[in-house]
Structure formats: C-alpha cells, structure tokens
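Here's the letter readout for the chains.
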Amino acid sequence: MMQRYIEAQLHRAAAAAGLEIDGPIPFGVPKQDGQGHLSTNIAMMHAKKLGKQPRVLAQEIVDGIEKSELVERVEVAGPGFINVTFRDAVYHAMVKDLDGLGDHIGRSDAGAGRTMHIEYVSANPTGPLHAGHGRNCAVGDTLANLYAWCGYEVTREYYFNNAGNQMNMLGRSIYVRLQHALGNNDVPFPEDGYHGEYIAEIATQIARDHADAVREMSEEEALAYCRKRGEEWCFASIKRTLVALNIHHDVYYNEDSLYTTGKVRDTIEDLRERGLVYEKDGATWFALTQLGSQQDKVIVKSTGEPTYRLPDIAYHRDKLVRGFDVVIDVFGADHIATVPDVLAGVKALGFDTERFRVVIHQMVTFVENGEIVKFSKRSGKSFTLDELIEEVGADVVRFFFIMRAVGTHLEFDLGLAKEEGDKNPVFYLQYAHARICSILKKAEEKGLAINHQSDLSVLVHPREIELIAQLSRMRATVERACENLEPHVIAEYLRDLAGAYHNFYHDCRILGAEPALEAARLLLADVTRRAMRNGLLILGVTTPERM
RNA sequence: GCGCCCAUAGCUCAGUUGGAUAGAGCAGCAGCCUUCUAAGCUGCUGGCCGCAGGUUCGAAUCCUGCUGGGCGCGCCA
C-alpha cells in the first residue's frame, strides 16, 4: 500500500525520461538498511531498449520526481535501482487508512462480483478420515477462506461416491463382522475388505439395535442394509472431524446424481459425437491419444460399469456449466494422473478449461523423535485424523498442514506439534494476539478507550515504523496467496507480523507512556490486533484473547 | 522405461514471479523480567543454494543434461 504514495509520480517521471510503462510499476522491499523503503528496477529493465545506461536512465527518472511532503528522498543505487525513502508521515497516513478499514484489514475486493468453486476433502464414506487427509482439508479450506477474503463468492463442495465397488466392499466387510457377532463364524472375510476397528464397531451397533430384523433379511437385503449403516456411520464420523477442524462445506455432491440426471450419459454421447469414443475388447475407450495424451483409457468397463474417469469428466463439466468463474480442485499427489485426462475430456467438449485451477499437494510424513510414524500407537493401524486432532489440537493441525508450500513434501513433526510452548509456531502467533488483547483490556480498565482521532505523528520509533510497514503489506500478501494458491504465504506473513509486534512491544511501552504517545500506540496495537485476528481467521485457527 | 513434484545452515523450511551482502524457526552458545503476558526480546555460531553447462547487465529463481529422493503410470478411486 506504500507504493500508492509514489507510483503516479514515478509514472510521470519515467514518461518524461522517455519511458512509458503500462500497468503498475513493480516494487520490491529492499533487504538492507540504507536502501530505502521501496525499490524499483524499472530503469534496469528498460534501459536496453532505450539505448541508455541503467544508472543514467534511473537518474533521469529520479530527477523528474517532484519534492513532496511524504517522500524523504529518491535515489539511484547499485546497478540502477531507484530507492524511495518515505517520511514518517506516510506511515502515519497508513495507520489512519488501516484503522479506517475497521474489521476489514487484509480484505481485498480483487475478486468482487466473481464466483469461485472449490472441491476438497471428497473422501468416500468408507471409513473415518485418516491423518494424511488433513493436508487436503486444511489446504482446501484455507484457500476457500483466502478467496472469500479477496471478495469472491465461494462455494465449498464435497464430492462423494456412495454407489461403487468400494461401498459394496464396505457393506460386505460390515456384513461379515455382523455375522461373526451373531455367531456365524464360518462366513469368510473378503480378501480386499476393510479391516479398521470401525467396521467391527458398526457391526456391533447393528447387532445391538437391529439383530432381529437382520436375521429376517435375505443376504442381499442384509448387505444393502450394512452398506447403508456403514455409509451413515462413516459420514457422521467424517463430518464430526471436519467440524472439529472448523470446516463446513456448502454442498455435498453425490456422484450418483450424475447418473440419475443423465449427465454421465450426455457426456459419453457428446464425446462419441466428436469421434473420441470407440469400442475395443468389450470395453468403451476414450481416445485420449487424439487429444495429445500418451494412451487411450477405458471409460466403460466390459462389465458395463463406468470407470471413475467418466463421471469425473461429467462432474467437472457440470462445475463449469454451473457458471463459476474459478473452479479449484485440491488433490494429493497420488491423484495427479487423473487430472490431465479429466481436463482433456472437458476441453474436448468445448469448454474453457482455463477456469480450472488444480492444486496438487505433496504427501505428508509424520515424524516423532526423528523417526517416521506410520501407525497409531493405540490401535497399531494407520492413525486417524481424529487421533491427530486429539493429540495436538485442531489449531495446530490446521496450521502445520498449511505452513509449507503445497508443492513440497511435508514433514509433520508430532513432537513439535505437541509442544504447547515457544517452539510451536502457532502459539507464537496466538500469543501475539493474546498479548495485545491483554493490553487493550488493561487500558479499558484504566478508562482508556481507543481513540481513532489520535495524533499519530508521535509514532517515530523504528519498531513502530517497522510494525506499520508490516501491517501495510497484509492486503497485497493475501491477494498474492490467493492468486498463487499458496496458503503458506499467510503463515509466513503472520510470523513476520507477530515478530514485528513482539519487537514493538519489547521496545515501546504502551500503557504509562505520555498521553499522546500512549493513545497513538494503543491505536497501533489495536490495528495490529485486528490484522492478526483476520490472519488467524483466514487460517481457520482460533484467536484466543488470553493464553 | 515414461509423466509430475522436490533438492537452500546440523534439522525443518522461506526466498515477494530474474535483483543489491541468500533469510527464519528449531538445535548449540551468551545475555535481558521490582514496570503492559519471558509462550517474549537481544547477540553469537552455522552456506559449493545437489552437480555440470547455457541464457544476460544480473540466476537459489529461467533452459538443457546428469545425480539423488517422493508420487503416479489398471477394465481400482
């Protein structure tokens, strides 16, 4: 937001030097002291085409900048950077602007009037969510929040299939356990059946509340009943876990509806009309090689059942038909192979696949004491997301899963996560928030109210200026994280913001300072509180007022 | 064999879309509380940015080729 105060002038000065720049001027924040507050490399970027030395062009631009009350100095540095040093008045103006935003600090209207659809989690109801699902949950939900904070109208969707082979296997697994519970021990457990403890739990429940009815049923009826009970149990479990993580979907989209509404049939017919479908070996194939892929793929098996690819294409086409401006998929790296096929299919049907943004996050390794943890200590089976939440808390789960770039393999350190102290990065942020709240509460007790008209010109301490500079970057940071689909950027930003506040807190006494300074610092603290709170809300973690 | 992702301090990772002397946390060492939360702050130690070329004023960042790791490559999802 700093650049607002100099950008127009730079445009004018550059034009006067013979350099017309379309669009915004690129700015950077110098890392070294003595290089000003903002820096631009426009002279170096364009010197060549004007046939000038970068430093000469830079100096011509600098000479064209008029004197201003806000700008301390503009100078040429290094190979041709133009460094801008502001007077403190710019920072005071920024605090004023930020304060005027009320609870909207960090919000953007970059996506105002646009709609965004995001599909995440999307685990089929065949069992509880396991710990590895956590990354998809946290990344998806944080991205949804980011888009909402950028002004988009967001639809959060959970896509599931309760009709396929996996569900039949779930039903059969429960059915067999139920037979065992009812004393028929000779019924063999299916080879690819589900082995989790929850299967037995569901079977036990049915044995307890529905045994007589089940005994009356045919095997077919009993299997269907077990499947239905299993689905209900699993969905209840999944939804409970998501609520614990502060995740709420707007739509649960059933794959089966794609069949009942004819969308799958339409999709295959449309592909066939375009000559992209053929029969071979009793199966129906999608001619992906015609679309530039390595090999054709089966979309309807010789048994007559479609493979996942076909409803996936129908589903993604439907998302576009529903009219969203941006459609985001969140997948783990293990699903990467399906993406090109689905996109190729939708594109072949004449849709603009540019609206799709696919986020593929890498896998997660859980580590404790330097050793890889694969299984739950309690059950010896792969451990559930519930167990992870219980172990480290929902805030830590959400934060840890988004704090690294989605493209990198994530190491989830359970030891660090369990640490409820200074080593844990989430607490560092929440502590900053709680510390501010504590001061504001004390101020209130002293009868000191936040004064939005405070004279901010008394804020001149380097720690105050650094904190304000950090605050001023929030909105652009949120926009960048959103645009680039990078939730971890917010975690990084908030750590810097918390650090800037802790520094300010340490060096700048608020309560008890002389009245004008006290009022100004109190306002600055409150602006920081609102920024930190909003950042934590974007991450979906709690904002404790005391710790 | 093919496709995608990754490689930066002892460990885990950032690096603002190609910029200035590559940063943070943890671990290690040394300091700071009679005053608003020490879950904090300050200082020190720590680097062939996997290797080799290329592109240009300028590369951790872009291109090519290697090496090493992850995930895929089904009439499973």
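Being a predicted model, the structure only gives us computed values, none of them experimental.

To continue, consider the packing of helix H16 (residues 425-445) against helix H19 (residues 488-507). Close contact between H16 and H19 brings their axes to 9 Å; oriented N to C, the two are set at 40 degrees. It follows from the interaxial angle that H16 and H19 lie oblique. In this structure, the crossing between H16 and H19 has a hand that is left-handed. Residue-level contacts link Tyr428, Leu429, Tyr431, Ala432, Arg435, Ile436 and Ile439 of H16 to Leu494, Arg495, Ala498, Gly499, Tyr501, His502 and Tyr505 of H19.

What follows deals with the nonpolar core. In terms of nonpolar packing, the biggest core is built from 124 residues, with Ile61, Phe86, Phe366, Leu388 and Phe401 touching the most fellow members. The leading source of residues in this core is helix H20 (residues 515-539), at eleven residues. The residues contacting leucine 388, other than those within four sequence positions of it, are Ala131, Phe366, Phe383, Gly393, Val397, Phe401, Phe412 and Leu414. Counting residues in each nonpolar core, the second largest holds 25 residues, with Ile313, Ala314, Tyr315 and Val346 among its members.

Listing the buried residues of helix H1 (residues 4-16) in full gives Tyr5, Ile6, Glu7, Gln9, Leu10, Ala13 and Ala14. Along its buried surface, H1 packs onto strand E1 (38-40), helix H3 (54-63), strand E2 (71-77), strand E3 (81-86) and helix H4 (88-100). Immediately downstream of H1, the backbone of glycine 18 shows phi near 90 degrees, a positive value.

Moving on, we come to the packing of helix H14 (residues 394-402) against H16. Between H14 and H16, the least distance of the axes is 9 Å, while the angle of their chain directions is 110 degrees. By the angle class used here, H14 and H16 are roughly perpendicular. The crossing of H14 and H16 is right-handed. Contact with H14, carried on its side by Asp395, Val396, Phe399 and Phe400, involves Pro425, Val426, Phe427, Leu429 and Gln430 of H16 and no other residues of that element.

Helical geometry note: an α-helix holds 3.6 residues per turn, so side chains three or four residues apart project in the same direction. Helix length check: helix H8 (residues 219-244) (26 residues) gives 37 Å between terminal C-alpha atoms against 38 Å at 1.5 Å per residue, within 8%. With its phi angle positive at about 65 degrees, asparagine 246 sits one or two positions after the end of H8.

This part takes up the pairing of E3. Here E3 lies mainly inside the structure; five of its six residues are buried. Of the pairings in the sheet, the one linking E1 to E3 comprises three bridges and is antiparallel in character. Opposite serine 39, over in E3, you have asparagine 83 as the bridge partner. As paired elements, E2 and E3 share six bridges and run antiparallel to each other. Opposite alanine 77, over in E3, you have phenylalanine 81 as the bridge partner. In this structure, the hairpin formed by E2 and E3 is closed by a connection of three residues, where glycine 78 is found at a positive phi of approximately 55 degrees.

Let us look at the sheet that holds strand E14 (residues 410-413). In space, the three strands of this open sheet follow the order E13-E12-E14, with mixed pairing throughout. Of all strands in the sheet, those bounded by a partner on one side alone are strand E13 (371-373) and E14. The mean inter-strand angle of the sheet, taken between neighbouring strand axes irrespective of direction, is 45 degrees. Across four bridges, the pairing between strand E12 (residues 364-368) and E14 is parallel.

Partitioning chain A into structural domains gives domain 1 (2-86), domain 2 (91-110 + 422-539), domain 3 (115-161 + 247-361) and domain 4 (165-244). Counting residues at the interface gives six residues for domain 1, matched by six residues for domain 2. Where domain 1 touches domain 2, the interface holds one salt bridge. On inspection of domain 1 and its partner domain 2, the count reaches three residue pairs in polar contact (both at pLDDT 80 or more). Looking at the side of domain 1 that touches domain 2 residue by residue, the classes come out as four nonpolar, one polar and one charged.

The next point concerns the sheet that holds strand E7 (residues 277-280). The sheet built from three strands is open, its strands ordered E7-E8-E9 with antiparallel pairing. The sheet is open, and its two edges are formed by E7 and strand E9 (297-300), each paired on a single side. Across the sheet, the mean angle separating the axes of adjacent strands is 45 degrees when strand polarity is ignored. In terms of strand pairing, E7 meets strand E8 (residues 283-286) through four bridges, oriented antiparallel. Along E8, the bridge assignment pairs valine 277 with phenylalanine 286. Packed onto the sheet, helix H10 (residues 263-273) meets E7, E8 and E9 and runs at close to 95 degrees relative to E7.

Further remarks concern the protein's contact with RNA strand B. Neighbouring RNA strand B are 65 residues, the closest being Phe81, Asp422, Tyr431, Arg435 and Asn484. Within 4 Å of the protein, the contacting atoms of RNA strand B are drawn from sugar and phosphate to the extent of 65%. Here a sugar or linking oxygen of RNA strand B and a backbone polar atom of aspartate 334 are 3.3 Å apart. Between RNA strand B and glutamate 492, the relevant distance is 3.0 Å, taken from a sugar or linking oxygen to a side-chain nitrogen or oxygen of the residue. Looking at the surface near RNA strand B, the elements with two or more residues in it are helix H2 (42-50), E3, E14, H16 and H19. Among the elements that take part in the surface near RNA strand B, H16 stands out by supplying eight residues, more than any other. The class makeup of the residues in the surface near RNA strand B is 24 nonpolar, 22 polar and 19 charged.

Thresholds applied
Residues numbered from 1 in each chain as written. Chains lettered and ligands numbered in written order. Predicted model: local features only at pLDDT ≥ 70, side-chain atom pairs only at ≥ 80, totals over all residues. Heavy atoms only, no water. Axes fitted to C-alpha atoms, helices over the stretch in contact; angles between N-to-C directions. Helix = DSSP H or I, 4+ residues; strand = E, 2+ residues; numbered from the N terminus. Parallel < 35°, antiparallel > 145°, perpendicular 65-115°, else oblique. Left-handed = near helix turned anticlockwise from the far one by under 90°. Contact = heavy atoms within 4.5 Å. Core = buried A, V, L, I, M, F, W, Y, C linked by side-chain atoms within 4.5 Å. Buried < 20%, exposed > 50% of the residue type's maximum accessible area, 1.4 Å probe, protein only. Expected span 1.5 Å × (residues − 1). Pairing = 2+ DSSP bridges. Domains from an automatic or database assignment. Salt bridge = Lys/Arg side-chain N within 4 Å of Asp/Glu carboxyl O. Polar contact = N/O pair within 3.5 Å; in protein donor to acceptor, adjacent residues only side chain to side chain. Nonpolar A, V, L, I, M, F, W, Y, C, P; charged D, E, K, R; others polar. Near = heavy atom within 4 Å.

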